[in-house]
Amino acid sequence: MKVAILKYNAGNTQSVIYALKRIGIEPLLTNTPEEIRSADKVIFPGVGEASTTMEHLRETGLDKIIPTLKQPVIGICLGLQLMCRHSEENDTAGLGIFDVEVRKFQLEEGFKIPHMGWNTLQVTDNPLLKGLPSDPHAYFVHSYYAEISPFTIGESNYINRFSAALHRDNFYAVQFHPEKSAETGATILKNFIEL
Amino acid sequence: MLKKRIIPCLDVHNGRTVKGVNFVNLRDAGDPVELGALYAKSGADELVYLDITATHEGRKTFKHLVDRIAEHIDIPFTVGGGISDVPSVNELLQAGADKVGVNSAAVRNPQLVDDLALAFGSQCIVVAIDARLTENGWKVYTHGGRNETEKELFSWAKEMENRGAGEILFTSMDHDGTKNGFAIEALSKMSKELTIPIIASGGAGNTEHFTEVFSKTDVSAALAASIFHFKEIEIPQLKEDLKKHNIPVR
């Protein structure tokens, strides 16, 4: 099993590598097109600001490669947001894999931004999200969210409902951090590896 | 629904967990990675590791420790203690820390918080504030509570939010180590005035204190150290108690 983690300026790469090692996978951190294309699975991590991160993807040519991949691909956190059509964060055009708009949470009384901490997941019957406990929780840190759409396979609620997980063809994405979500996160990573 | 977080704090000195009672009298409370893994398993929502080593050698030990923590712990963790510039934050994040805490350095150079937020994003910047109620109101202290500053707690917290802090970890020095409960009034005021999450710290002695801080204030998380290390409160029991009082916890 060859698992490639996209190498660019993403902050949480080390945590993702360790999370995979904990489930017995030795991932390859790479930005080489041949290595990415020949991998069995591709992970697109992301932490940071949308427009500068898109810039890094363009510099490395990853913006052209990701949408053409045929094997299972999963975006994490900002990875999910950049796989969408457009983000309100500095008016950033995304990769357009999911025809979904990414919006900023609007502050309401009694809420804090960012949405930070453990929140409940409502999941649909999807292989990525199978075998979770009855009331699954995942760890989120974000100020922008993908709207609910036909691609939504898992949702969560903070100020409003939003997409916690998306799926289209071979593309998957999660807004939360599976690498930091204890057993629930490990199960989701295992499910992805077994797709 | 977003849950309230319970955060054990581990003070680390030369690679071992210790806890200062009222910032002095250190007692050994075990291996930081083992202890952290134990907390993660028992339902801790996040961990804070505070490096209280002052020596250069100790700092190197801590960086190595951060890497080991990231390898073994599957919940988010914050590291702090003596962090004063962008390159050292970068090193700690690269080693696998999810967030970094800054305290005295932010008082000395508030621009640091802007720089860190710009470089790494607000989500990983925790500003820790130690304060005490004086004759002139709540004053901010630095250097582990040794130095009083001119800064007033609430305006300082707001300034930190404006400069890009992602969270505030507020420790009331008057309450820390007393086990008489959190600084409810100050925490209530701060959590109303700020739009970023507040972590309550200092004073937890029993499970009722956690119920009180979550029901009377808008804090997002509560932190404690020795009561967890010395098993005066077990996290699964604490969470059961909080659930009984309708506090949303994982």
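In what follows, the accompanying structure is described. (Residues numbered from 1 in each chain as written. Chains lettered and ligands numbered in written order. Predicted model: local features only at pLDDT ≥ 70, side-chain atom pairs only at ≥ 80, totals over all residues. Heavy atoms only, no water.)

Details of the environment of Asn206 of chain B
Residue and element names in this part refer to chain B.
Here comes step 1: The residue Asn206 is located in the loop between β11 (198–201) and α8 (207–216) in this model.
Here comes step 2: Sequence-wise, Asn206 and Ala70 are 136 residues apart; in three dimensions their C-alpha atoms are separated by 30 Å.
Here comes step 3: Of the polar contacts made by the side chain of Asn206, one reaches the backbone nitrogen of Glu208; its length is 3.1 Å.
Here comes step 4: Here the side chain of Asn206 touches His209 through a polar contact of 3.0 Å, landing on its backbone nitrogen. (Helix = DSSP H or I, 4+ residues; strand = E, 2+ residues; numbered from the N terminus. Polar contact = N/O pair within 3.5 Å; in protein donor to acceptor, adjacent residues only side chain to side chain.)

Focus on the environment of Phe120 of chain B
Residues and elements named next belong to chain B.
Here comes step 1: Relative to the helices and strands, Phe120 resides in helix α5 (residues 111–120).
Here comes step 2: With 44 residues separating them in the primary sequence, Phe120 and Gly164 have C-alpha atoms 11 Å apart.
Here comes step 3: With near-sequence residues (within four places) excluded, Phe120 lies in contact with Val86, Val89, Asn90 and Leu93. (Contact = heavy atoms within 4.5 Å.)

Some points on unusual backbone geometry
Here comes step 1: In this chain, Ile113 of chain A is followed by Pro114 of chain A through a cis amide linkage whose omega measures 10 degrees.
Here comes step 2: Within the fold, Pro114 of chain A resides in the loop between β7 (98–104) and β8 (115–120).
Here comes step 3: Backbone geometry at Asn14 of chain B places phi at a positive 50 degrees, although glycine is not the residue there.
Here comes step 4: Accessibility expressed as a relative area gives 44% for Asn14 of chain B, which makes it partly exposed. (Buried < 20%, exposed > 50% of the residue type's maximum accessible area, 1.4 Å probe, protein only.)

Things to note about the pattern of salt bridges
Here comes step 1: Scanning the model with the defined rule gives 24 salt bridges over all chains in all.
Here comes step 2: Between Arg103 of chain A and Glu147 of chain A there is a salt bridge, and its shortest N-O distance comes to 2.6 Å. Of the two residues, Arg103 of chain A sits in strand β7 while Glu147 of chain A sits in the loop between β11 (144–146) and β12 (152–158), which places them 44 residues apart along the sequence.
Here comes step 3: Residue class for Arg103 of chain A comes out partly exposed when judged on its relative accessible area of 30%.
Here comes step 4: For Glu147 of chain A, a relative accessible area of 28% gives the class partly exposed.
Here comes step 5: Note that Arg163 of chain B and Asp114 of chain B form a salt bridge whose closest N and O atoms lie 2.8 Å from each other. Of this pair, Arg163 of chain B sits in helix α6 (residues 153–163) while Asp114 of chain B sits in helix α5, and the two are 49 residues apart along the sequence.
Here comes step 6: Residue classification places Asp114 of chain B among the partly exposed residues on the basis of a relative accessible area of 24%. (Salt bridge = Lys/Arg side-chain N within 4 Å of Asp/Glu carboxyl O.)

Just distances and angles here, no functional claims.
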